[in-house]
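Close look at the chain arrangement
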Amino acid sequence: MRWLGAAAVLVLSVATPVLSQSAEQPLVFVTITGGVVAPETVSLKMLILNAGHEFKADTSARLEFVLPGPEGKVYEGAARGPRTVTVPVASPKWSRDHIEIVSLGEFVLDEHAPKDLLLRGGLADQPPVELGTLSRGDAVAGLRLVRAFPVAVSTQNKRRIVVAAACEFVDDRRFVVKLLYLNCGERLEPDYDAFLHFELAPTGEDLPKTSALGLWPSAAPTDSSTWGQSEVTVARFGPYQLPPNAPEFIYLRAGLYDRAGDGKRLPLAGPDDTDRALVGRLASREGATWFERANVSGTSPEGKP
Amino acid sequence: MRRLVVLGDAVAMALLAAACGWADDLASPPAVLSVASAAQLGPRELRLSVTFHNLGGRFSRDYTAFVHFDRDARRESLYTLPAPGPRPLVAATTSTRWGPEETTTVSFPPVTFPSAVTREVFVKVGLYDAQGSGARLPLVGEDPSHRVLVGRVVPEGEGVAFARCPPTEGETTNRIGVRPRSLVRPMPEEPAVRFGDVDLDRWRVEGVAGGSAAARRTREELCWSEASLGLTYAGEGSASGFVVRPPEPIPVPAEAKAAHLWLFGNAIGWLEQRTSEEPLLRCTLELRDAQGNTHQLPFPTQVAYPYWYVARVRLPEAWPKPLACTGVGFSGCTNKAPRALFLDAIVFAREDFPATLSTAVRLDDLPFPTTPDGPLPSQLAGEYTNRVQKAEDAYVLWYEGADGRLTYTFRPRVGSLDDVEVAWADPNGQPTGTPFRIGVGSGPTAEVDGRRFGPLPRAEPRTCGTARLEDNVIRTEWRWELPAHPIQYSLSLSIKGKSLIVEVASEETALSGFAAGHFQGAADARFIPFPYWSYGVWDWGRDGGVVLSGDVFVSGLLDWYRSSASTVTLGETLSHDAEALLPGALAYCPSAEYLPRSDGRRNPLRERFIFTVSPNVEETLPNIPHPPSPNAEKLAPYVHYTGGQAARLDTQLEEWQRLHAYGVDKVYIRHFDGMWSDQPQGTQEWTLTEHAAPAVGDAAVRRYLDALTGMGFLPVLYTNYTDLQPVAAESDWDRIARTPEGDISDVCWPGSYPLKPLRAVELEAHYAPRIAARFGTHGSFCDVHTSVAPWHKLDFDARLPGAGQFGTTYRCYAKLLLNERATYGAVYSEGSRHWLYAGLHDGSDAQIASPQPHREPFLVDFDLLKVHPKEMDAGMSWLSRYVRDQAAADELGGWEAAQDHFNAATLAFGHQATFTDLSFRGYRADIKTYYLIQPLQTLYAMRPVTGILYHDPGQGDRMLSTSDAIRSGAYRESQVQVTYDTGLTVRVNGSLKAGWTVSAEGVPYDLPPSGFVCTGPGLVLSYSALVNGARVDYCSAGAVRFVDTRGRKQRLREFETDGAAILRSLNDTTWGVWPLGDITVLRVDAGGLKLTAPLSIAAFDEAGTLLRRVEAPLENGLVTLPLGPEVFRFEISSAGA
């Protein structure tokens, strides 16, 4: 969270509402990401997105490898092989929209390792979640990481693309929005365009109102036809100019649409009725503006499904 | 006049109109004469009345009279300022009751012309059906928009005056148009349709979605033929339109590659504010293929040019041939009032071009870069050592100097900048901050069989074949395992000073670029854009700058002298690295992108990147290794003005004569394109010609220029070798740049196509000596070339050398700018990307790339340290490019405050003054600009800067280095002090709100926002500061004194006055005095001027006639000057002299 202006200190002392405070909706989203750095070696990182949670004490990021099967037995490999990892994180210092990327290390999956392993973990003080699957592969298809579909997101969604956002102010009134597209095992045919919309209301679609404020709808091409099943894609938009006398809330919605084809939006994980995911909102009060990240949960800002 | 009206979806409306007789109103010959008069209510306030004289018409409706205030005599470009400013006015009439020969006078509300309106305003009137369709009634003397030019509102002193136009001055529908002068040659290819010859009884015009149109054969506008098809249309919304249909399909020759539609549009594409009454139409060709399918083939760009030009569209090869044209459609008719456009011809062009092209242009003989290091930043921290070591799994490149220790650690893992980690330590070796990475998510990109790969290896690993250290250069070879197409490339790293130099190369033409990735460092790392360092590819061009991470600055450069890329990108590229999401993940180094040439192949990858890390920001700024302009001494005294057109030669000459009478003469007068064409950018070609506007002629322009030169001005003419108009004598489709697909590029500016850069060099070499000889000019205004970056103007034509490389454009534009200077003696250009051409021309309009330039901080270092030593840039470009609109002016406190901010910024950045045409308190502010800034220019133009400091507004008088000012954010207050080697010190308060009290030569000055004080050798003093709480402008330099107390009586050095005045020493015993504007008191200090009583005062009028001579007594050492409306200047001398 980047605070603006002298009044920010005043605002800091009052409660800053988050988009969802429902107990059922975790305020910290955790997923796994990584890349194959050698034919048998994968480098893994844990991506943690805070959406308003306040941590009272240090915690740690934890990853364990689990053998497939009903027992859910943890697998501990050799020194450089799949093994349980715990990395401390200074979570009390995190802002309400903090992003943490924890390097978990490199893991060698040689012929002695199981062919498939489940990845499980998260923050140590929260229930572990399924993060993905790591397959050793063979001579044809090498190491493969497939991200699990987040448990927090409604499984009714057909598309396994999750969108989240980060927002940074580059000076006192201009800001950049970064959209994170997390592929959780999807294969897409066309190269969709990423888009970002600003809205004055948490539901419905009324872009002319925000366009009149200079917050125009934005789009950028992606290479989504080449996305791997655990692809991470970050699209950067802006800088935008915060309008004078900005309304208290400006909602950010994001998605993918087939610009070169039929122009239709791709239904995403957690979309609203307009096939756009609510990714956060800009809140302005008493001269200060900050970004509140939405939960990656498929809920409306008020926590309603 | 014959009209064919066939209305499609508007049939009901047409029938209704016909039934009530309204259609007769519109179709009848004009029968109303309009004459306007104006009552002068105040200096800038008028009340207009229009008298309509009915010449025998009968009208079915009560039309509403309207008055439009237009920026342009010919086009519809309305002022729409809030009341009481100029805006459309309406008044009801009872035209149904008008009898033959009846005269009706309509009065309109008063209009006040704000001082910001400094040009003449065209007053046009008309009658329209406000209650019905909005259609305008034809009037005698009307223009194509059915309005009559009845007069002009012209600036006169501080006020304005109405000047009535004779009834015949407007352009009537009976007029015969002036054919563009070069269209006397045969058409390059025989047209399929000449619209002036079509049989209107058989052709049809169909309305679409509420659109309607009337067609007529006319000679109002002439192109190739003796007549054209005039189309008057209106609509209801963006879907509304009309289709012009031939009686039977027009065959398209099988060998035709493209369709060319010659048309005369009516909307101005470059207009920033547009109403629904002035839409840009979309134009579509309707084609039927051999299988009977109908296709809509849209022309690529809208109808956005109000003169003759040709719209071109390539015919798709996939459609079964033969094709036939079944119509030409227009859509987007949001205008309710009728508008007109004209069609001349359709050509289905074969576009047979030779298989090979050649050029005699050499690009290997240019005087830049002056060092093989390219833009490598300077090392300023004294002696240092560099070394490169191989560690276990890495190579370490070291810098060690008095200021600290820098290491670049390279671990060859993925063959990109991702493999580099950087750490800075203080001189004791203690790390400052955490290590950071300069290129996360970087690497080569490729396109194989239509699939794109990279920059991250993702599923296709990259492996390092060899890695070795040779002569302190780390050389690595990489293999990228793309499907069925492994790619090899090399990556080498070396260090020089604090700069890491990374070179990447490959012979693989499948490589489509090299992404520089993003910075990843401290969470509070931020990008600091520097004004004028602009690539023009991201964030409105605020994309050149450095990253501040912790205490160190980091820059990343793509060496634009060595690149083989087509274009550069920054900031908007996607990343597949999650770390791009983190704060501090900043795009700052341009990536290289390689696009295919017209032969389908890409150029081999050759790039050099330079990354520099330093605690001193100056050490991270790119150098510009160009020879400096040789014209510093000659051009430093000149201020700048851009404007002027052939149609106003007499008025312009009078204006310059008047300025000259005030002692203003060192002005580089840059005339605009309207010197070459009868209208600005229109009627004729407005560049690539050696003949002045036909309506005026070469001789008149030469006489005008000679007169200006005789007064000491430096008048120059407009040139431009980027835009080629189809009506130009030089028009040739094979001179137009090609796209990567091999097609001819579409228009790059309304009505103009992009000239191949190599052809631009050839044509400039042809025209420059001819223009110089014909018009006797000693400089040029070579527009556009420095406004665009080389990657904005590309030619992918593989028939010519250097295709698809921005370096070719760069070198071509540099070569032609150098030849402009060699031929004429001086050359200025448009600016905003002018840093790339610093020194290769003499200067540019100093445009800041920003949506709100007036808000950009006065972070002057890149401009003053890198660009300024090479050339002399002008103003902040024009005022309207710095303070863009009324809202911006309001933010500054009005237009006078905007003028102040413009001048303050000009001084802060060390630019030459630029005139703005504004007037305040009865005199032209340019006179003040001239006397406040021009005397200083020789003390700073191209002179070395010896110091730059920023005021820390939170710390009293404390001044900060640039590095510290950036770290603390103090630079944003724009309170800056610059010193030059001449001894001149410039202190400028660029803050929009805060004051700044400074001490200059021991004297405190209270600088309000946009205030300044400059002190220099020889007691030079120029300031705009608060005196006794009120703003005062003053300059004393050599034999010149100037003062403006802005309406408040003040005693100030040589003056006591409540206004503005100039003092110039004419000889040892005589001073000339010029009172300016609203001044009621003017006393001068005789002792301060070394005049001794008794004094003799002679008063002269503007013509130089002696009005009277008086002996004036001294009163407390002051002599009172007898002001009067007829007095233009005084001469004061010691009576005995």
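Since the structure is predicted, the reported quantities are computational estimates derived from the model, not experimental observations. The written sequence of each chain sets the order in which its residues are numbered from 1. Numbering of ligands from 1 and lettering of chains from A proceed in the order in which they are written. Note on the predicted model: pLDDT of at least 70 is required for a residue's local features to be given, and 80 or more for side-chain atom pairs to be given and counted; whole-chain, interface and lining totals, by contrast, use all residues. Hydrogens and water are ignored here; the side-chain numbers use all heavy atoms of the structure.

**Some thoughts on the overall build of chain A**
Heads up, the rule is: Numbering of helices and strands runs from the N terminus; a helix is a DSSP stretch of H or I covering at least four residues, while a strand is a stretch of E covering at least two. Working definition: with a 1.4 Å probe on protein chains only, accessible area under 20% of the residue-type maximum means buried, over 50% means exposed, and in between means partly exposed. Exposure was quantified through the Shrake-Rupley algorithm and a 1.4 Å probe, taking into account, for residues, occlusion by the shown protein chains and nothing else.
Across its full length, chain A carries two helices and 17 strands. Residue burial in chain A is summarised as follows: out of 305 residues, 53% are buried. When the accessible surface of chain A is split by element, carbon and sulfur atoms take 52% of a total near 13,100 Å².

**Some points on the overall build of chain B**
Heads up, the condition is: Here the radius of gyration uses the C-alpha set of atoms, whereas the globule reference equals 2.2 Å times the residue count to the power 0.38.
Counting its secondary structure elements, chain B contains 13 helices and 72 strands. Relative to a compact globule of 1137 residues, whose C-alpha radius of gyration would be 32 Å, chain B shows 33 Å and is just as compact. Its C-alpha atoms give chain B principal-axis dimensions of about 100 × 100 × 50 Å. Sorting the 1137 residues of chain B into buried and exposed places 63% on the buried side.

**Some details on the packing of helix 5 (residues 698-710) of chain B against helix 6 (residues 757-775) of chain B**
Residues and elements named next belong to chain B. Let me state the cut-off plainly: For every element, the axis is a line fit to its C-alpha atoms; helices are fit only across the contacting stretch, and the angle between N-to-C directions ranges from 0 to 180 degrees. Angles are sorted into four bins: roughly parallel if under 35 degrees, roughly antiparallel if over 145, roughly perpendicular if 65 to 115, and oblique for all others. Working rule for contacts: check all heavy atoms of both residues, and any pair within 4.5 Å makes them a contact. Here the term charged refers only to Asp, Glu, Lys and Arg, the term nonpolar to Ala, Val, Leu, Ile, Met, Phe, Trp, Tyr, Cys and Pro, and the term polar to all other amino acids, Gly among them.
Closest axis-to-axis distance for the helix 5/helix 6 pair is 9 Å, and the angle between their directions is 75 degrees. It follows that helix 5 is roughly perpendicular to helix 6 by the angle criterion. Note on element contacts: helix 6 touches helix 5 through Ala773, Arg774 and Phe775, opposite Asp698, Val701, Arg702, Leu705 and Asp706. Of the residues contributing to the contact of helix 5 with helix 6, the split by class is four nonpolar, no polar and four charged.

**So, the pattern of salt bridges**
Residue and element names in this part refer to chain B. Rule in force here: In what follows, salt bridge is the name for a side-chain nitrogen of Lys or Arg lying within 4 Å of a carboxyl oxygen of Asp or Glu.
A complete count under the given rule lists 92 salt bridges over all chains for this structure. One salt bridge in this structure joins Arg314 and Glu317, with 3.4 Å as the shortest N-O distance. The network of salt bridges with shared partners includes Glu896, Asp900, Arg921, Lys928, Arg1031, Asp1033, Asp1044 and Arg1046.

**A word on the environment of Asn1028 of chain B**
All names here are of chain B. Among the structural elements, Asn1028 can be located in the loop between strand 60 (1020-1027) and strand 61 (1030-1037). For the pair Asn1028 and Ala585, spaced 443 residues apart in sequence, the C-alpha to C-alpha distance is 51 Å. Each residue touching Asn1028, except ones within four places of it in the same chain, is listed here: Arg1048 and Gln1050.

**Considerations on the interface of chain A and chain B**
Stated formally: A 1.4 Å probe defines the accessible area here, and the buried area is the portion of it lost by two parts on being joined, summed over both. We call two N or O atoms a polar contact when they sit within 3.5 Å, provided that within protein one can donate a hydrogen and the other can accept it, with sequence-adjacent residues counted only if both atoms are side-chain atoms.
On the chain B side, the residues contacting the 31 residues of chain A number 26 residues. Overall, the association of chain A and chain B removes approximately 2,500 Å² of surface from exposure, summing both partners, and the carbon and sulfur fraction of that is 47%. The three residues of chain A that bury the most area against chain B are Ile101, Val234 and Arg236 of chain A, which together make up 24% of that side's buried surface. Scanning the region where chain A abuts chain B turns up four salt bridges. With a shortest N-O distance of 2.7 Å, Glu106 of chain A and Arg413 of chain B are connected by a salt bridge. The interface formed by chain A and chain B includes 13 residue pairs in polar contact (both at pLDDT 80 or more). Looking at the side of chain A that touches chain B, the elements that each hand over two or more residues are strand 1 (28-38), strand 2 (41-50), strand 6 (99-108), strand 10 (161-169), strand 11 (174-183) and strand 14 (232-241) of chain A. Take the side of chain A that touches chain B: its biggest share by element is eight residues, from strand 14 of chain A. Classifying every residue of the side of chain A that touches chain B gives 13 nonpolar, seven polar and eleven charged.

**A few points about the sheet that holds strand 41 (residues 591-593) of chain B**
Residues and elements named next belong to chain B. Basically, it comes down to this: When DSSP finds two or more bridges between two strands, those strands count as paired.
With antiparallel pairing, five strands are arranged side by side in an open sheet as 29-28-34-41-39. A single partner strand is all that each edge strand has here, and the edge strands are strand 29 (451-453) and strand 39 (567-569). With direction set aside, neighbouring strand axes in the sheet form an average angle of 20 degrees. Across two bridges, strand 34 (residues 511-515) lies against strand 41 in antiparallel orientation. Residue pairing in the sheet places Gly513 in a bridge with Glu593 of strand 41.

**Description of the pairing of strand 33 (residues 499-506) of chain B**
Residues and elements named next belong to chain B. The buried count for strand 33 comes to six of eight residues, which makes it a mostly enclosed element. The sheet contact formed by strand 32 (residues 487-496) and strand 33 spans seven bridges and is antiparallel. Note that in strand 33 the partner of Ser490 across the bridge is Ala505. Counting the residues in the hairpin turn of strand 32 and strand 33 gives two residues, including Gly497, whose phi is positive at 60 degrees. With eight bridges joining them, strand 33 and strand 42 (residues 605-614) adopt antiparallel strand pairing.

**Focus on the nonpolar core**
Residues and elements named next belong to chain B. Inclusion rule: We define a nonpolar core as any set of buried Ala, Val, Leu, Ile, Met, Phe, Trp, Tyr and Cys residues linked to one another through side-chain atoms lying within 4.5 Å.
Counting residues in hydrophobic clusters, the biggest one holds 272 residues, and the most contacted among them are Phe330 and Trp656. Here Trp656 is in contact with Tyr641, Val667, Ile669, Tyr704, Leu708, Met711, Phe713 and Phe915, once residues within four sequence places are set aside. Of all hydrophobic cores here, the second largest spans 34 residues; its members include Leu1007, Ala1025, Val1073 and Val1084.

**Side note on the packing of aromatic side chains**
All names here are of chain B. Basically, it comes down to this: In this analysis, rings of Phe, Tyr and Trp, with Trp reduced to its six-membered ring, are considered paired at centre separations within 6.5 Å, and the interplanar angle assigns stacked below 30 degrees, edge-to-face beyond 60, and tilted for intermediate values.
According to the stated counting rule, one finds 63 aromatic pairs over all chains in the structure shown. When the centroid spacing of 5.9 Å and the interplanar angle of 85 degrees are considered together, the rings of Phe519 and Tyr588 count as edge-to-face. Taken together, the residues Phe519 in strand 35 (residues 518-520) and Tyr588 in the loop between strand 40 (585-586) and strand 41 connect sequence positions 69 residues apart. On the accessibility criterion, Phe519 (0% relative accessible area) is buried. A residue is classified by how much of its surface remains accessible, and Tyr588, at 0% relative accessible area, is buried.

**Topic: the packing of helix 11 (residues 895-908) of chain B against helix 12 (residues 925-940) of chain B**
Residues and elements named next belong to chain B. Closest axis-to-axis distance for the helix 11/helix 12 pair is 11 Å, and the angle between their directions is 10 degrees. One element, helix 11, and the other, helix 12, form an angle in the roughly parallel class. Of helix 12, the residues touching helix 11 (which contributes Glu896, Gln899, Asn903 and Leu907) are Ala925, Lys928, Thr929, Ile933, Leu936 and Tyr940. Grouping the amino acids of the contact of helix 11 with helix 12 by side-chain chemistry returns five nonpolar, three polar and two charged.

**Regarding the confidence of the model for chain A**
Residue and element names in this part refer to chain A. What counts is decided by this rule: Scored between 0 and 100, pLDDT is the confidence that the predictor attaches to each residue.
Mean pLDDT for chain A: 83, with 85% of residues reaching 70 or above. Low pLDDT, under 50, characterises residues 1-23; the predicted model gives this stretch 61 contacts beyond four residues in sequence or across chains. Confidence over residues 298-305 falls short of pLDDT 50; this stretch has 17 contacts with residues more than four positions distant or in other chains.

**A word on the sheet that holds strand 10 (residues 159-164) of chain B**
Residue and element names in this part refer to chain B. The antiparallel open sheet is built from five strands, whose spatial order is 5-4-8-9-10. The sheet terminates laterally at strand 5 (89-92) and strand 10, the two strands that pair on one side only. Ignoring which end each strand starts from, the neighbouring axes of this sheet average 25 degrees apart. Note: strand 9 (residues 148-156) against strand 10, six bridges, orientation antiparallel. When the sheet's bridge partners are listed, Pro155 is paired in strand 10 with Val160.

**Focus on the confidence of the model for chain B**
All names here are of chain B. Per-residue confidence for chain B gives a mean pLDDT of 92; residues scoring 70 or more make up 96%. Overall, residues 1-23 carries pLDDT values under 50, and its contacts beyond four positions in sequence, including any with other chains, amount to 49 contacts. Within the model, the stretch residues 168-172 combines pLDDT values under 50 with nine contacts to residues more than four positions away or in other chains. Both confidence scores are given for the complex: pTM 0.85, ipTM 0.88.

**Brief notes about the side chain of Ser49 of chain B**
Residues and elements named next belong to chain B. Mapping Ser49 onto the fold places it in strand 3 (residues 45-54). The class for Ser49 is buried, based on a relative accessible area of 13%. Of the polar contacts made by the side chain of Ser49, one reaches the side chain of Ser107; its length is 3.2 Å. Among residues more than four places away in sequence, those in contact with Ser49 are Val35, Ala36, Ser37, Thr105, Val106 and Ser107.

**Points about the pairing of strand 8 (residues 121-128) of chain B**
Residue and element names in this part refer to chain B. Burial within strand 8 is extensive, with seven of its eight residues counted as buried. Two elements, strand 4 (residues 64-70) and strand 8, share seven bridges in a ladder whose sense is antiparallel. Following the sheet pairing, Ala65 is matched in strand 8 by Leu127. Note that strand 8 and strand 9 share five bridges and pair antiparallel. Bridge pairing in strand 9 links Val125 to Val148.

**Some details on unusual backbone geometry**
Where the residue is not glycine, phi is negative for most of them; where a peptide bond is considered, it is trans in most cases. Residues and elements named next belong to chain B. A cis amide bond, omega 5 degrees, links Lys321 with the succeeding residue Pro322. Omega for the peptide link from Ala1093 to Pro1094 comes to -5 degrees, which places this bond in the cis form. The residue Pro1094 is located in the loop between strand 67 (1082-1085) and strand 68 (1095-1100) in this model. Positive phi, close to 50 degrees, is recorded for Asp539, a residue that is not glycine. When you line up the elements, Asp539 lands in the loop between strand 36 (526-529) and strand 37 (545-549). For Asp539, a relative accessible area of 9% translates into the label buried. Even without being a glycine, Leu1019 presents a positive backbone phi close to 60 degrees. On the accessibility criterion, Leu1019 (76% relative accessible area) is exposed.

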